[in-house]
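Chain residues, written in single-letter form:
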Amino acid sequence: VYFPFSKDDRRKQNRSVVVSPHGGSSDGPHPSLPFHAGQYGRDCEEKILGIIMSATYSLSHYQAVSDVESDHFWFRARTAMIILLVNTFGPKNGRRTFLEVGCGTGIVLVAMRKLGFRVTGLDVNQAALRYARVSCPSAQLVRQSLYSFSRSRRFQVVVAFDVLEHQAQDVLFLKRCYDLLEEGGTLFLTVPAGMWLWSNLDDLSGHKRRYEMVDLR
């Protein structure tokens, strides 16, 4: 299911599109780390976060995903759904700039590049970005935390697919995503639906929560 809605900040009038399948500020506390970004310095934060994420997502994990994502029915259906939503709610003209937070192996970047977007992929895991570089050579890829990432020009589209549920402070995460949107830009999300569907797979996946529609409004 999906829906667009306007941000409370009427100066920007940004919209969000949230897809829920069954299956801050940069100097604030990082939701995945037990310290303030300014406590030890941003370089330290990035290095520690990269180590944590690299340990959580091994090279074998990315290799397995890369081997199947172009042909597996689940990935193909998911990508088709994302393309449909971006075509429907995304920008029709302008610079058509696109940022994916947690870009992984780059399969979404490839699809968005084919739609004509200038794509940027953000991820803290170096292994993921190696695969993304092969998948989408024309993408701008950045190994950095969302909380310290900044650009002089904002993006028409910001997406976070299957990322929000991993955040200890999901509201702070969303605020940071909004900060990176141009006026009138659109945020797209996918999240797991319904806490009543919680299972061992959520524990193994490192999920903090599943969502109801009311949680995201």
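Structure first, text after, so check above.
In this text, all values refer to a predicted model and were calculated from it rather than measured experimentally. (Residues numbered from 1 in each chain as written. Predicted model: local features only at pLDDT ≥ 70, side-chain atom pairs only at ≥ 80, totals over all residues. Heavy atoms only, no water.)

Peer 1: Any chance you could explain the pairing of strand E4 (residues 118-123) here in plain terms?
Peer 2: Both faces of the sheet carry side chains from a regular strand, because those side chains alternate between them. A large share of E4 lies buried, amounting to five of its six residues. Alignment of strand E3 (residues 97-101) against E4, held across five bridges, turns out to be parallel. Paired with Val-101 across the two strands is Leu-122, which belongs to E4. Where the polypeptide runs from E3 across helix H5 (residues 107-114) and back to E4, its parallel neighbour, the crossover connection is right-handed. Pairing geometry for E4 and strand E5 (residues 140-143), over four bridges, is parallel. What sits directly across from Gly-121, in E5, is Leu-141. The handedness of the E4 to E5 crossover, carried by helix H6 (residues 126-135), is right-handed. (Buried < 20%, exposed > 50% of the residue type's maximum accessible area, 1.4 Å probe, protein only. Helix = DSSP H or I, 4+ residues; strand = E, 2+ residues; numbered from the N terminus. Pairing = 2+ DSSP bridges. Right-handed = clockwise from strand over helix to strand, strands pointing away.)

Peer 1: Looking at this model, I keep getting lost on the side chain of Gln-156. Mind explaining?
Peer 2: Its location among the elements puts Gln-156 in strand E6 (residues 155-161). Engagement of the side chain of Gln-156 in a polar contact is seen with the backbone nitrogen of Arg-96, the distance being 2.5 Å. The residues contacting Gln-156, other than those within four sequence positions of it, are Pro-91, Asn-93, Gly-94, Arg-95, Arg-96, Thr-97, Leu-181, Glu-182, Gly-185 and Thr-186. (Polar contact = N/O pair within 3.5 Å; in protein donor to acceptor, adjacent residues only side chain to side chain. Contact = heavy atoms within 4.5 Å.)

Peer 1: What am I meant to see in the pairing of strand E7 (residues 181-190) here?
Peer 2: For E7, the tally of buried residues reaches seven of 10 residues, placing the bulk of the element in the interior. In the classification by handedness, the crossover that spans E6, the intervening helix H7 (residues 170-179) and the parallel E7 is right-handed.

Peer 1: Got a minute to help me understand the pattern of salt bridges in this structure?
Peer 2: Inspection of the entire model under this criterion finds three salt bridges. Note that Asp-170 is salt-bridged to Arg-209, the shortest N-O span being 3.6 Å. Of this pair, Asp-170 sits in helix H7 while Arg-209 sits in the loop between helix H8 (200-205) and helix H9 (213-216), placing them 39 residues apart in sequence. In this structure, the salt-bridge partner of Asp-202 is Arg-210, at a minimum N-O distance of 2.8 Å. Residue class for Asp-202 comes out buried when judged on its relative accessible area of 2%. Relative accessible area serves as the criterion here: at 5%, Arg-210 is assigned to the buried category. (Salt bridge = Lys/Arg side-chain N within 4 Å of Asp/Glu carboxyl O.)

Peer 1: Looking at this model, I keep getting lost on the packing of aromatic side chains. Mind explaining?
Peer 2: The description of two aromatic rings rests on the distance between their centres and on the angle between their planes. Scanning all chains against the criterion turns up three aromatic pairs. Here Trp-74 and Phe-75 contribute two aromatic rings whose centre-to-centre distance is 5.1 Å and whose plane-to-plane angle is 90°, an arrangement assigned as edge-to-face. A relative accessible area of 41% places Trp-74 in the partly exposed class. Residue classification places Phe-75 among the buried positions, given a relative accessible area of 17%. Consider the rings of Phe-98 and Phe-117, whose centres lie 5.7 Å apart with planes at 55°: the pair is tilted. Of this pair, Phe-98 sits in strand E3 while Phe-117 sits in the loop between H5 and E4, and the two are 19 residues apart along the sequence. (Phe/Tyr/Trp six-rings, centres within 6.5 Å; stacked < 30°, edge-to-face > 60°.)

Peer 1: In this structure, what is going on with the environment of Val-108? I would like to understand it.
Peer 2: Tracing the chain through its elements places Val-108 in helix H5. Judged by its relative accessible area of 3%, Val-108 is buried. The contacts of Val-108, once residues within four sequence positions are left out, are Arg-78, Ile-82, Phe-98, Glu-100 and Phe-161.

Peer 1: I keep staring at the environment of Leu-174 and nothing clicks. Help me out?
Peer 2: Along the chain, the position of Leu-174 falls in helix H7. Measuring from C-alpha to C-alpha, the distance between Leu-174 and Ala-160 comes to 9.4 Å, with 14 residues separating the pair along the chain. Not counting chain neighbours up to four residues away, the residues in contact with Leu-174 comprise Leu-164, Leu-187 and Leu-189.

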